[in-house]
Amino acid sequence: MRTMKAAVIYEAGGPEVLKIESRQIPTPQTGEVLIRVKAFGLNRSELFTRQGLSPGVVFPRVLGIEAVGLVEEAPGGEFTKGEIVATAMGGMGRDFDDGYAEYTCVPASQVQVIKTNLPGRPWVPLLD
């Protein structure tokens, strides 16, 4: 079993409810994309969810409503391994676990390839 680090919440509360733990890396189905997360945002929506102010969110949950990273796997062939992609919204971090982890599995329909000529710095590991 391959594992990843993720920040998981089991109940609503302050920042102390975020717990770093090992979880199984999600397995994408056809129509989904497994992304190795390289960066994610922190925003007010996730603050509200963590505080228990987002109706319908079931705990435990890995928060995060956006993420960027590298395609690890796309069983439906929508993307190629290694492509740089971004994803946001569409139930992320509310209906299903998402960006506060080393990997996330999202619907292919909400993933976009990012192409840039900007000079970059090397990716740094998350959650170290």
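An account of the accompanying structure is given in this report. (Residues numbered from 1 in each chain as written. Predicted model: local features only at pLDDT ≥ 70, side-chain atom pairs only at ≥ 80, totals over all residues. Heavy atoms only, no water.)

**Notes on the sheet that holds strand β2 (residues 19-24)**
We apply this condition: In this scheme, strands are said to pair when DSSP sees at least two bridges between them. Strands are runs of DSSP state E lasting at least two residues, helices are runs of H or I lasting at least four, and both sets are numbered from the N terminus onward.
The strand order across the open sheet built from three strands is β2-β1-β4, with neighbouring strands paired in antiparallel fashion. The open sheet terminates on both sides in strands that have one partner only, identified here as β2 and β4 (61-62). Judged from the six bridges that link them, strand β1 (residues 3-9) and β2 form a sheet pairing that is antiparallel. Bridge pairing in β2 places methionine 4 opposite arginine 23.

**Some remarks on the pairing of strand β7 (residues 103-107)**
We apply this condition: For every residue, the accessible area obtained with a 1.4 Å probe (protein chains only) is divided by the maximum for its type, and the residue is called buried under 20%, exposed over 50%, and partly exposed between those limits.
Among the five residues that make up β7, four are buried, leaving the element largely enclosed by the rest of the structure. Bridge count between strand β3 (residues 32-39) and β7: five bridges; the pairing is antiparallel. By the bridge assignment, isoleucine 35 is partnered in β7 with threonine 104.

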